[in-house]
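Take a look at the letters that make up each chain.
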Amino acid sequence: MFEKCKKADILEKTGALICQSRVSVGRSGEILLVIPRAAVYKANTNYRVVFYDPVLGRVTCRCRLSAALPLPGGEMCSLRCEVQEQLAQDQRRQDVKIPLGLNIMLHSAYQPGDPVRPSELGVPATVVNISAGGVYLRTSLLLAKGRRVWFDFMETGEKLTLSAQILRVENASLTQNQILYGYGCKFVNMLSRHESVLRSFIFQQQRQQRRKE
């Protein structure tokens with residue numbers, strides 16, 4: 001658990017932030033937190049710790065924190081974090097959506113009755129917003145609810161081929177002269193590594209947006 005996690009917040013029972021920490025997991029599964037030496041807490045006491053995991057999302061746990069061991073340099077120290085109980089985990093439907101406006105080539109397998117046969121190169125579409133659990137697409141291609149689509153996502157620095165199932169269809173025309181359809185989709189059959197990379201990308205974009213605000 002939390003093998004991919006790099007960041008966590010340590011909270012008082014009141015919800016007040018004690019400090020932020022770096023997270024690492026040893027080979028035996030032991031969780032280590034690196035915190036500022038100036039952070040004030042009681043050793044061998046339970047605290048709420050919010051883990052920001054690129055795969056699991058935001059996970060809140062009740063944890064027992066050990067005494068701190070000073071690290072070279074004197075400004076930071078490390079401590080063991082023993083998870084006593086998981087208190088909450090954000091569900092996929094609560095995943096943060098980030099606006100993107102990214103142009104892609106969308107693919108869908110041809111089925112009898114389709115008005116047109118899509119090109120092997122795909123059909124131009126726009127990723128309006130995206131989360132770790134799904135995507136909202138806008139395109140001129142008419143597809144029914146339940147259909148599968150896929151596209152290559154390059155914004156993470158590597159090519160991720162993402163497959164999704166259409167959950168809802170709506171009119172997304174921007175002008176009277178151009179008919180466009182909006183598709184709310186959920187990701188399906190996503191590799192764990194791809195989900196981890198996508199979550200990391202979304203967290204980075206969210207932080208950048210908050211800085212701009």
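This is a predicted model, so every value here is computed, not measured.

Another point: the pattern of salt bridges. Per the counting criterion, the structure on display carries five salt bridges. Two residues, Arg80 and Glu30, come together in a salt bridge whose shortest N-O distance is 3.8 Å. Of this pair, Arg80 sits in strand 7 (residues 76-89) while Glu30 sits in the loop between strand 2 (17-25) and strand 3 (31-36); the two residues are 50 residues apart in sequence, bridging distant segments of the chain. The partly exposed category is assigned to Glu30, whose relative accessible area is 35%. We note a salt bridge from Glu170 to Arg168, for which the minimum N-O separation is 3.7 Å. In this structure Arg168 comes out as partly exposed when scored by relative accessible area, which is 41%.

What follows concerns the pairing of strand 2. Of the strand pairs in this sheet, strand 1 (residues 7-11) and strand 2 are connected by five bridges, and their pairing is antiparallel. Residue pairing in the sheet places Ile10 in a bridge with Cys19 of strand 2. Taking the residues between adjacent antiparallel strands as the criterion, strand 1 and strand 2 are bridged by five residues, where Gly15 takes a positive phi near 100°. Taken together, the four bridges between strand 2 and strand 3 define a ladder with antiparallel strand orientation. Its bridge partner being in strand 3, Ser24 is matched across the sheet by Leu32.

As a further point, take the packing of aromatic side chains. This model, assessed by the stated rule, comprises three aromatic pairs. Ring geometry for Tyr41 against Tyr47: centres 6.2 Å apart, planes inclined by 75°, an arrangement best described as edge-to-face. For the residue pair Tyr41 and Tyr47, the accessibility class agrees, reading buried in each case. The aromatic ring of Tyr52 is capped on one face by Lys7, whose charged end is 5.2 Å from the ring centroid.

A cluster of basic residues, Lys7, Arg207, Arg210 and Arg211, forms a positive patch on the protein surface. Per element, the largest residue contribution to the positive patch is three residues, and it comes from helix 1 (residues 192-212). Along the polypeptide, Arg207 turns up in helix 1. The partly exposed category is assigned to Arg207, whose relative accessible area is 37%.

Cut-off values and rules
- Residues numbered from 1 in each chain as written.
- Predicted model: local features only at pLDDT ≥ 70, side-chain atom pairs only at ≥ 80, totals over all residues.
- Heavy atoms only, no water.
- Salt bridge = Lys/Arg side-chain N within 4 Å of Asp/Glu carboxyl O.
- Helix = DSSP H or I, 4+ residues; strand = E, 2+ residues; numbered from the N terminus.
- Buried < 20%, exposed > 50% of the residue type's maximum accessible area, 1.4 Å probe, protein only.
- Pairing = 2+ DSSP bridges.
- Phe/Tyr/Trp six-rings, centres within 6.5 Å; stacked < 30°, edge-to-face > 60°.
- Lys NZ or Arg CZ within 6 Å of the ring centre and 35° of its normal.
- Patch = residues over 30% accessible without salt bridge, like charges linked within 9 Å, V, L, I, M, F, W, Y side chains within 5 Å.
- Areas by Shrake-Rupley, 256 points an atom, 1.4 Å probe, with all protein chains shown as cover.
- Lys, Arg positive; Asp, Glu negative; His and termini not counted.
- Charge placed at Lys NZ, Arg CZ, Asp CG, Glu CD.

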